[in-house]
Amino acid sequence: DLDYAVDFFKGLATKVAEVQKEAAYAAALDGLALIKTRVIKTGVNAEGSKFRDYSDTVLPGFFAKSRTGKKPNKGPASYKDIRESAGLQTDHRDFKFTGRMWANIHPLITAIRGNSLVIEYKAREEQDKVDWNTDRDGNFLKPNAEEIVEITKSYNQYFIENMLR
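The sections below set out a description of the structure shown in this document.

Reading guide: rules and limits
- Residues numbered from 1 in each chain as written.
- Predicted model: local features only at pLDDT ≥ 70, side-chain atom pairs only at ≥ 80, totals over all residues.
- Heavy atoms only, no water.
- Phe/Tyr/Trp six-rings, centres within 6.5 Å; stacked < 30°, edge-to-face > 60°.
- Helix = DSSP H or I, 4+ residues; strand = E, 2+ residues; numbered from the N terminus.
- Buried < 20%, exposed > 50% of the residue type's maximum accessible area, 1.4 Å probe, protein only.
- Expected span 1.5 Å × (residues − 1).
- Polar contact = N/O pair within 3.5 Å; in protein donor to acceptor, adjacent residues only side chain to side chain.
- Axes fitted to C-alpha atoms, helices over the stretch in contact; angles between N-to-C directions.
- Left-handed = near helix turned anticlockwise from the far one by under 90°.
- Arc of directions from axis to C-beta.
- Core = buried A, V, L, I, M, F, W, Y, C linked by side-chain atoms within 4.5 Å.
- Contact = heavy atoms within 4.5 Å.

Quick look at the packing of aromatic side chains now. Overall, the coordinates contain eight aromatic pairs when judged by the stated rule. Here Phe8 and Phe9 contribute two aromatic rings whose centre-to-centre distance is 5.1 Å and whose plane-to-plane angle is 80°, an arrangement assigned as edge-to-face. Note on Phe51 and Phe95: the rings are 4.9 Å apart at their centroids and 90° apart in plane angle, and the pair reads as edge-to-face. Of this pair, Phe51 sits in the loop between helix H1 (2-42) and strand E1 (58-59) while Phe95 sits in the loop between helix H3 (79-85) and helix H4 (100-103), and the two are 44 residues apart along the sequence. By relative accessible area, Phe51 is classed as buried at 4%. In this structure an aromatic cluster arises from ring pairing among Phe51, Phe95, Trp102 and Phe140.

Listed below in structure tokens is the structure:
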């Protein structure tokens, strides 16, 4: 019967749209985890190049104190010195001082444009940090080729499994 077929395909279209959005969110979470791990552990961008090192340029004392609550090394300090006095690694740029920026980056699927998703930040301060770091160092949240393959696998697996339920 024609009414049954129309209802069936309307229901199928609704389910496909819902599962696509769920799959995109799941894949975005997986992708973000892969990107965070790569950047924090290796300091390498999507093209495989190392982000620039932490600066050895001496900063004004007020800046040094504002980052750690104390003035590092009792004298002029660079950002690298500030990180070292806070017990943070300085071997590579990991975009992590307090960890708040990374903790507050979450995928928000408001739009899917081709293979791009919209990323949201929980706090305006964290959005400002991402914008500032991106302006200075390029898109550090961009996935590399291997991550894109994994993200695509994640999306496809989620989509297939959830269309069959």
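So much for the structure itself; the text now carries on.
This part takes up H1. Spacing of three or four residues puts side chains on the same side of an α-helix, whose turn is 3.6 residues. Over its 41 residues, H1 runs 58 Å from end to end, which matches the ideal 60 Å to within 8%, given 1.5 Å per residue. The set of residues buried in H1 consists of Val19, Ala23, Ala24, Ala26, Ala27, Ala28, Gly31, Leu32, Ile35, Arg38 and Val39. Between a side-chain oxygen at the N-terminus of H1 and the backbone nitrogen of Asp3 the separation is 3.2 Å; the capping residue is Asp1. Looking one or two places after H1, you find Gly43, whose phi comes out positive at around 65°.

What follows concerns the packing of H1 against helix H6 (residues 145-163). For the pair H1 and H6, interaxial distance at closest approach is 8 Å and the crossing angle is 150°. When the axes of H1 and H6 are compared, the crossing they make is right-handed.

What follows is about helix H5 (residues 124-137). Helix length check: H5, at 14 residues, gives a terminal C-alpha distance of 20 Å against a target of 20 Å (1.5 Å per residue), a fit within 8%. Listing the buried residues of H5 in full gives Glu126, Gln127, Val130, Asn133 and Asp137. Relative to the axis of H5, the buried residues are bounded by an arc of 135° and lie together on one face. Among the exposed residues of H5, those oriented more than 90 degrees off its buried face are Arg124, Trp132 and Asp135. A positive phi of about 90° marks Gly138, the residue just after H5.

This part is about the nonpolar core. Core analysis: the largest hydrophobic core is formed by eleven residues, namely Leu32, Ile35, Val39, Phe51, Phe95, Met101, Trp102, Ile105, Val130, Phe140 and Leu141. Those elements giving two or more residues to this core turn out to be H1 and H4. Among the elements that line this core, the one with the most residues is H1, at three residues. Once residues within four sequence positions are removed from consideration, Met101 is found in contact with Phe95, Glu126, Lys129, Val130, Asn133 and Phe140. Counting five residues, the second-largest nonpolar core is a separate cluster that includes Tyr54, Ala77, Ile82 and Phe97.

All right, on to the side chain of Glu147 then. Within the fold, Glu147 resides in helix H6. Those residues in contact with Glu147, other than ones at most four positions away along the chain, are Leu34, Ile35, Arg38 and Lys142.

Attention now goes to the side chain of Ser78. You can see Ser78 is positioned in strand E2 (residues 77-78). Ignoring any residue separated from it by four or fewer positions in sequence, one finds Ser78 in contact with Ser55, Asp56, Thr57, Val58 and Leu59.

With that settled, the discussion passes to the environment of Ala24. By the element assignment, Ala24 lies in helix H1. Look at Ala24 and you get buried, because its relative accessible area is 5%. A C-alpha to C-alpha distance of 9.1 Å links Ala24 and Ile151, two positions 127 residues apart in sequence.

By themselves, these figures tell us nothing about what the structure is for.
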